[in-house]
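Each chain is listed here by its residues.
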Amino acid sequence: MSASQVHSLLINGEWVSTGHTAPNLNPSDLSDVVGEYVQGDAADVDAAVAAAKAAFPAWSTSGIQARSDALDKIGTEILARREELGELLAREEGKVRAEAIGEVMRAGQIFKFFAGECLRLAGETVPSVRPGIGVEVTREPIGVVGLITPWNFPIAIPAWKIAPALAFGNCVVIKPADLVPGSAWALADIIHRSGIPAGVFNLVMGRGRVIGEALVNHPGVAAISFTGSVGVGRGIAAACVASGKKVQLEMGGKNPQVVLDDADLKQAVELSAQSCFYSTGQRCTASSRIIVTDKIYPAFVEALKVRIEAIKVGAALAAGTDMGPVVSQGQLEQDLSYVEIGKAEGGNLVSGGSRIACHTGSGHEGYFMAPALFADTVPAMRINREEIFGPVASVIRVKDYEEALHVANDTEFGLSAGIATTSLKYATHFKRHAQAGMVMVNLPTAGVDYHVPFGGRKGSSYGPREQGRYAQEFFTTVKTAYTLA
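Residues numbered from 1 in each chain as written. Predicted model: local features only at pLDDT ≥ 70, side-chain atom pairs only at ≥ 80, totals over all residues. Heavy atoms only, no water.

Focus on the sheet that holds strand 5 (residues 29–38)
Stated formally: Strands are treated as partners if at least two bridges between them are detected by DSSP. Strands here mean DSSP runs of E at least two residues long; helices mean DSSP runs of H or I at least four residues long; both are numbered from the N terminus. We call two residues contacting when some pair of their heavy atoms lies within 4.5 Å. Lines fitted to the C-alpha atoms define the axes, with helices restricted to the stretch that makes contact. Angles between their N-to-C directions range from 0 to 180 degrees.
In spatial order, the strands read 1-5-4; together these 3 strands make up an open sheet with mixed pairing. Each edge of the open sheet carries a strand with a single partner, namely strand 1 (6–7) and strand 4 (21–26). Of the strand pairs in this sheet, strand 4 and strand 5 are connected by 6 bridges, and their pairing is antiparallel. Within strand 5, the residue paired with Ala22 across the bridge is Tyr37. Those strands touched by helix 3 (residues 82–93) are strand 4 and strand 5, and its axis lies near 110° from that of strand 5.

What follows is the structure in structure tokens.
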């Protein structure tokens, strides 16, 4: 993809340029411009919503085989181009090559899954309590859906919102994160060439305060699905409730990783390192609070310190890189500020926590940071309360499983929670009593399947779950029909 190429908006089946563009920069190499991407405005949102509304009657009642074929074609092309699209993703977001290709493959698999779901949307026929009357319960699409996606999974999260929306007969207007428009634009190009009718799918890029607000407040939009920060999400929820829109929110996490005395030390260290620092810690499911019981605590902290100091930080596409850059200057400054907060609060910074030069690759300037590990922290510290969204983790010492569970649940968030243990008793108890939407036993807190529900509790999520068959709860509405025999 040429840096000189201008990447336009997609509205009503046509590529549209406003004349205003913004550069997409590679966080591994700030001299590398991935491309120029058109910036839309509220008028472009109006045009996209109008196109989607016009396309909805035919699309929502179209044959399910046509919808299935289109989604399958999209998934096939994504998988066939996984190396190319993975390189684009790594350049614009900073994931290392293997992680980026894995994310692209997940996007392709999601479209393939929902190609099948087009054919599996079932209803019920039940008897009425009144003789001679039949009752049918069916699901129908809800209308024009506005999708607002984040920068940390620039192709997978758009895929897991777009695919079910289209599969169930809705029309879409999507606003990708302005930091990473490239992967979403490439996905839009694939969708555009899939045979889906004009207006069914629309891409409007630009600033969240312009495009996002216009989508949320547009009277022609029936529903909003948002993934992003807690503050923005709460504002969207309030606006949607006021206007009667259906709303789905995936927001923050402060995910606990419990390590018990009986855990396999090597396994616990590895899964903790992956949870905290892979994808540069820029995952809502990443663990940033490691809660460790007394007897294993000293050995665990020392072993984790050794493990993370072996992590090779460098350019996302360079051979041998384990952890790429932070996504932007603003995010890097936020991460570094929390390191200073942790030190000021009395945390023991045992490793990392500073901006560094690239360890691998070309040596160009980028947003590189050594993964930070704090030990001897307590739950009340800000670094244990607030989501940092970077390669910063802290270890909390507790006396036993009961205290570990209490500390794990002592958070306003509830997305993912993990436990490392060889005890069936504690694993079983934790799965039931961890206040999180997803629980991992002897696995990293980050890393989920595409065919099962994704979502959390408390301040992490609002509304129906995403992904898998549960996606129909958001992207359809239920109708009950009575017929006199």
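So that's the structure; there's more coming.
Brief notes about the pattern of salt bridges
Worth spelling out the cut-off: Here, a salt bridge means any Lys or Arg side-chain nitrogen found within 4 Å of an Asp or Glu carboxyl oxygen. Throughout, exposure labels follow a simple rule: accessible area from a 1.4 Å probe, protein chains only, divided by the maximum for the residue type, with under 20% read as buried, over 50% as exposed, and the rest as partly exposed.
In the structure shown here, the tally under the stated rule is 23 salt bridges. A salt bridge links Lys112 to Asp72; the nearest nitrogen and oxygen atoms lie 3.1 Å apart. Of this pair, Lys112 sits in helix 4 (residues 97–117) while Asp72 is found in helix 2 (residues 64–80), placing the two residues 40 residues apart along the sequence. With relative accessibility at 30%, the residue Lys112 sits in the partly exposed group. A salt bridge links Glu466 to Lys161; the nearest nitrogen and oxygen atoms lie 2.8 Å apart. Remark: Lys161 occurs in helix 5 (residues 156–167) and Glu466 occurs in the loop between strand 22 (461–462) and helix 14 (472–475); sequence separation between them is 305 residues. Across the pair, Lys161 and Glu466 agree in class, each one buried.

Focus on the side chain of His218
With respect to the secondary-structure elements, His218 resides in the loop between helix 7 (208–217) and strand 11 (223–227). Residues contacting His218, with those up to four places away along its chain left out, are Val45, Asp46, Val49 and Lys245.

So, helix 8 (residues 230–243)
Our working rule: Take the number of residues in a helix, subtract one, and multiply by 1.5 Å to get its expected span. The arc in question is the one traced by the directions running from the helix axis out to the C-beta atoms.
Helix length check: helix 8 (14 residues) gives 20 Å between terminal C-alpha atoms against 20 Å at 1.5 Å per residue, within 8%. Listed as buried for helix 8 are Val230, Gly233, Ile236, Ala237 and Cys240. Looking straight down helix 8, one finds that the buried residues subtend no more than 120° of arc, so they occupy a single side. Residues of helix 8 that are exposed and angled more than 90 degrees away from the buried face: Gly231 and Ala242. Where helix 8 is buried, its residues contact strand 8 (144–148), helix 7, strand 11, strand 12 (246–250) and strand 18 (413–414). Directly after helix 8, the chain includes Gly244, whose backbone phi takes a positive value near 80°.

Looking at the packing of helix 3 against helix 6 (residues 181–192)
Under the convention used in this document: Relative orientations are named as follows: roughly parallel for angles under 35 degrees, roughly antiparallel for angles over 145 degrees, roughly perpendicular for angles from 65 to 115 degrees, and oblique for any other angle. Residues are grouped as follows: Ala, Val, Leu, Ile, Met, Phe, Trp, Tyr, Cys and Pro are nonpolar; Asp, Glu, Lys and Arg are charged; every other residue, Gly included, is polar.
Where helix 3 meets helix 6, the axes come as close as 8 Å, and the angle between the chain directions of the two elements is 150°. It follows that helix 3 is roughly antiparallel to helix 6 by the angle criterion. In this structure, helix 3 contributes Leu85, Leu88, Leu89 and Glu92 to the contact, and helix 6 contributes Pro181, Gly182, Ser183, Ala186 and Ile190. For the contact of helix 3 with helix 6, a count of residues per class yields 6 nonpolar, 2 polar and 1 charged.

Structural notes on the sheet that holds strand 14 (residues 287–293)
Strand order in this open sheet of 7 strands is 15-16-17-14-13-19-20, and the pairing throughout is mixed. Each having just a single partner strand, strand 15 (348–351) and strand 20 (438–441) make up the two edges of the open sheet. Going across the sheet, the axis of each strand differs from the next one's by a mean of 25°, ignoring polarity. Across 4 bridges, strand 19 (residues 416–420) lies against strand 20 in parallel orientation. For Ala417, the partnering residue across the bridge sits in strand 20 and is Val439. Along the sheet, helix 12 (residues 401–409) contacts strand 13 (255–259), strand 14, strand 17 (392–398) and strand 19; its crossing angle with strand 14, the most-contacted strand, is approximately 165°.

Considerations on the packing of helix 2 against helix 6
Basically, it comes down to this: Crossing handedness is read from the near helix: turned anticlockwise from the far helix by less than a right angle, it gives a left-handed crossing, and turned clockwise, a right-handed one.
Relative to each other, helix 2 and helix 6 sit at 135°, their axes nearing to 9 Å. Taken together, the axes of helix 2 and helix 6 are oblique relative to one another. Judged by the sense of rotation from one axis to the other, the crossing of helix 2 with helix 6 is right-handed. Along the contact surface, helix 2 presents Ile74, Glu77 and Ile78, while helix 6 presents Leu187, Ile190 and Ile191. Along the lines of polarity and charge, the residues of the contact of helix 2 with helix 6 split into 5 nonpolar, no polar and 1 charged.

So, the pairing of strand 7 (residues 133–141)
In terms of strand pairing, strand 6 (residues 124–127) meets strand 7 through 4 bridges, oriented antiparallel. Across the sheet, Pro127 pairs through a bridge with Gly134, a residue of strand 7. Adjacent in sequence and paired antiparallel, strand 6 and strand 7 are bridged by 5 residues, among which Gly132 carries a positive phi angle near 80°. Sheet topology places strand 7 next to strand 23 (residues 476–484); 9 bridges connect them, and they run antiparallel. Counterpart to Val135 in the pairing with strand 23 is Tyr482.

Function cannot be inferred from these measures alone, as they are strictly geometric.
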